[in-house]
Structures are given as C-alpha cells and as structure tokens.
Amino acid sequence: MVNDSHFGGFTLLGFQGQPQLEMIISGVVFLFYTIALMGNMAIVLLSFLDDHLQTPMYFFLRNLAILDLCYTTNIVPQMLANIWGKDKRITFGGCVLQLFIDMVLCSVECILLAVMSYDRFNAVCKPLHYMTIMNPQLSRTLVAMTWGVGVTNCMILSPYAMSLPRCGNHHLDHFFCEMSAMIKIACVDTTAMEETTFAMCLIIVLVPLLLILVSYGFIAVAVLKIKSAAGRQKAFGTCSSHLIVVSIFYGTVIYMYIQPGNSPSQDEGKLLSIFYSIVTPSLNPLIYTLRNKEFKGAMKRLIGKEKRSLETTGQ
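Rules and cut-offs
- Residues numbered from 1 in each chain as written.
- Predicted model: local features only at pLDDT ≥ 70, side-chain atom pairs only at ≥ 80, totals over all residues.
- Heavy atoms only, no water.
- Helix = DSSP H or I, 4+ residues; strand = E, 2+ residues; numbered from the N terminus.
- Rg over C-alpha atoms; globule rule 2.2 N^0.38 Å.
- Buried < 20%, exposed > 50% of the residue type's maximum accessible area, 1.4 Å probe, protein only.
- Contact = heavy atoms within 4.5 Å.
- Lys, Arg positive; Asp, Glu negative; His and termini not counted.
- Charge placed at Lys NZ, Arg CZ, Asp CG, Glu CD.
- Pairing = 2+ DSSP bridges.
- Salt bridge = Lys/Arg side-chain N within 4 Å of Asp/Glu carboxyl O.
- UniProt positions renumbered as here; feature names shortened; annotations may be inferred.
- Disulfide = S-S within 2.5 Å.
- Phe/Tyr/Trp six-rings, centres within 6.5 Å; stacked < 30°, edge-to-face > 60°.
- Lys NZ or Arg CZ within 6 Å of the ring centre and 35° of its normal.
- Polar contact = N/O pair within 3.5 Å; in protein donor to acceptor, adjacent residues only side chain to side chain.
- Expected span 1.5 Å × (residues − 1).
- Bend = angle between axes of the 7 residues up to and from the residue.

Okay, the overall build of the protein next. Each helix and strand counted, the protein has 10 helices and 3 strands in total. In sequence order, the protein lays out its α and β elements as β-α-α-β-α-α-α-β-α-α-α-α-α. Against the globule reference of 20 Å for 315 residues, the protein gives a C-alpha radius of gyration of 22 Å, in line with a compact fold. Dimensions of the protein, computed from C-alpha atoms along their principal axes, come out at roughly 65 × 55 × 35 Å. The burial tally for the protein puts 47% of its 315 residues in the buried class. Sequence-distant contacts in the protein: of pairs separated by 6 or more residues, those separated by 24 or more amount to 78%. Each charge class in the protein can be summarised by its mean position, and for the 22 positive and 19 negative side chains these summaries are 15 Å apart.

Shown next, in the form of structure tokens:
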C-alpha cells in the first residue's frame, strides 16, 4: 500500500486482502455501469426528442434517469480506479463531494419515486383531469421540492459526519465515501450521530414509502372497478414498471439502513451499497423501456427518421 502517513484524505479499503473477489466485482460493476449509462441516456434523449413522450410521466422518468446517471458516475469511476490501480486513496475534498452527492441523490430518489406514484394515481384514478392536475408547473414544482428536501437532509448529516474526530484513522472499510463507513472510523461516541442518521432515514425513506403504498391502494381499488380485461391490463401496465423499481430500491435501502435488529455485516453492507447505487440504476431503464410500448414506438420512430435522413443525404 502507498505510504499515506501524511495524507490528509482517506484510503478506501474495499475487500481488503481479496484481490480476486475485487476483480470479479469490478467486472460486474463495469458491466452494469455501461448498461446504466446507455439505458438512462437513451431515456433522456428519447423523452426530449419524441413529441409523443412530452407527458408528466416521462418528465419524471427523465429526471429519474438523469439522477441515476449522476448517482452511478459519482461512485463507479473512483471505485474502478481504486480497484484497478495501486493507489486506493481519495482526497478529503473528493470524499466530501462524493458523500454529499451520494446522500443528496439517494434522498431525492426516495422522494421522486413517491412523486411518480402520485402521478400514476392521477393517471389511473382521475384520467379525465390528469393533464390538468399534473400540469407542467406542478410537475416542475414537485421535482424542485424533491431536490430541496434532498439537499436539506444532506446539509444536516454530511457536515456532522465529516467533522467527527478520527484520531488519525483515515482507512474507510468501503469502496466509496459512505455515511455508515464514515461514522465507524470515528474515535468518539457516535450514538447521537447514529440516532440522528436513523431518524432522518425514517423520514426520508418511510414517509415517501407510505405515500406510495397509499397511492397504489387507491390505484388497486380503481383497477378492480374497471369492467373490461383490456382496460385493467392497460391500467396495470402503466403502474407495474414503477412498482417493480420501487420494490427493488426501497427493499434494499430498508434492509441496509432501517431494518429491525442487527445491521448487515460490513462485507454484506458493501455488496448492498453496490446493488442499490449501481445495479438498481442500470435495471431502471431496462424495466421501464422493455415493458413500455410508447418507448419502443419512440425508438422505432427515431431510427426511421435517421434512416430517412441518411437516404435523403445520399440522394
């Protein structure tokens, strides 16, 4: 290991002493990162370029795709550089930035998924008034609110975590600068910090999850009232993709941060962090696009337009 006795930043240990496991994990991470980049960029571009996708649902989905792009890019390049290179260090400023972005984006995604469930509630339960209720101004306000809450949550916890005395210990037992790993290297009693973090997690995670469950409760009742099988299938199709994403993301976050009883082991926590911060953002575009006829249609229209443009240029 590089001599870091006078280094003011942190050393990211990863799976220390298990180089083969790290290489396997890095290969998997690189694969999912590539999928996340391609899939989420496709969603952003299609939702901008195709006139048929200029609805509130795709506005929120575009914001989720941008968020996932930022989320994975905040973690993966530094992680791969540390695994593939000999220097596993990160500067103090780089660690602060990584922790800040990670906490903001995780908080924003929790709330944005709740906003998207409210959008689906209006689409299914109030279809005639949907475009009036979910007007562009309200949609932009809801997205701005999610970012405001995310930044506020981060501004409460991040400075507190970074200011904890570490007594010279700057070896983080993780792949990136993560809140729980930062707390564990403190050399003082962190009970107050842990309780504050737990309380904020309850608010940021469970309140949006409750709103999601309530929204889907109303949606289920509305779907059961639809007499035609085709109508029920269409209503279910508009919500199933979002429900799958919610289940994957919230299930992992709840298990990791606010499960009853003991917390996951350190190695298990690292794998869970990789799952919800890297694997889940790569699954989102696959879940939404593969199950969505409008996205498939938009892709065909874009490819057809490019073909016609090339044919015209060739003539």
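Turning to the environment of Leu172, a few remarks are in order. Mapping Leu172 onto the fold places it in strand S3 (residues 171–172). Through-space distance from the C-alpha of Leu172 to that of Lys227 is 57 Å; in sequence the pair is 55 residues apart.

We now examine the sheet that holds strand S2 (residues 89–90). In a beta sheet, neighbouring strands pair by backbone hydrogen bonds and run either parallel or antiparallel. Pairing in this open sheet of 3 strands is mixed, and the strands run S2-S1-S3 from one edge to the other. The open sheet is flanked by S2 and S3, the only strands paired with a single partner. As defined by bridge partners, strand S1 (residues 10–12) adjoins S3 across 2 bridges and the pair is classed as parallel. Within S3, the residue paired with Thr11 across the bridge is His171.

Going through the model one piece at a time under the given rule, you end up with 3 salt bridges. Between Lys88 and Glu22 there is a salt bridge, with the nearest N and O atoms lying 3.7 Å from each other. Separated by 66 residues along the polypeptide, Lys88 in the loop between helix H2 (56–84) and S2 and Glu22 in helix H1 (residues 19–49) bring together distant segments of the chain. The exposure class of Glu22 is buried, given its relative accessible area of 7%. Across the pair Asp119 and Arg120 runs a salt bridge whose closest N-O atoms are separated by 2.9 Å. The exposure class assigned to Asp119 is buried, which follows from its relative accessible area of 2%.

Another aspect to go through is the environment of Tyr288. Among the secondary structure elements, Tyr288 is positioned in helix H9 (residues 266–290). Sequence-wise, Tyr288 and Leu172 are 116 residues apart; in three dimensions their C-alpha atoms are separated by 35 Å. For Tyr288, the residues in contact, after removing those within four places along its chain, are Leu61, Leu64, Met116, Ser241, His242 and Val245.

In this numbering, the UniProt entry assigns the feature "transmembrane region" (unreviewed entry) to residues 23–48, 60–80, 100–121, 142–162, 197–224, 236–258 and 270–290. Secondary structure within residues 23–48 divides into 100% helix and 0% strand; the distance between the first and last C-alpha atoms comes to 37 Å. Between the C-alpha atoms that bound residues 197–224 the distance is 40 Å, and the span itself is 100% helix and 0% strand.

In this section: the state of the cysteines. Applying the stated criterion to the full structure yields 2 disulfides. Two residues, Cys95 and Cys177, share a disulfide whose sulfurs are 2.0 Å apart. Sign of the S-S torsion, about -125 degrees for the bond between Cys95 and Cys177, identifies this disulfide as left-handed. Note that Cys95 is positioned in helix H3 (residues 92–125) and Cys177 in the loop between S3 and helix H6 (179–184), a separation of 82 residues in sequence. With respect to class, Cys95 is no different from Cys177; both count as buried.

What follows covers the packing of aromatic side chains. All told, the structure shown has 6 aromatic pairs when counted by the stated rule. With a centroid separation of 6.1 Å and 55 degrees between ring planes, the pair formed by Phe30 and Trp84 is classed as tilted. Taken together, the positions of Phe30 in helix H1 and Trp84 in helix H2 put the pair 54 residues apart, joining distant regions of the chain. Through pairs of rings, three or more aromatic residues link up here, namely Tyr118, Phe121 and Phe218. If you follow Arg62 out to its NZ or CZ, it ends over the ring of Phe48, 4.2 Å from the centre.

We now examine the side chain of Gln98. Tracing the backbone shows Gln98 in helix H3. A residue is classified by how much of its surface remains accessible, and Gln98, at 3% relative accessible area, is buried. Within the structure, Gln98 has its side chain in polar contact with the backbone oxygen of Asn74 (distance 3.1 Å).

Compared with the 39 Å implied by 1.5 Å per residue over 27 residues, the 38 Å span of helix H5 (residues 136–162) between its first and last C-alpha is a close match. Residue Met155 marks the point of greatest curvature in H5, where the axis turns by about 25 degrees; the proline Pro159 follows within four residues. Within the span of H5, buried status applies to Ser139, Leu142, Val143, Thr146, Gly150, Asn153, Cys154, Leu157, Ser158, Ala161 and Met162. For H5, the N-terminal cap is Asn135; the gap from its side-chain oxygen to the backbone nitrogen of Gln137 is 3.1 Å.

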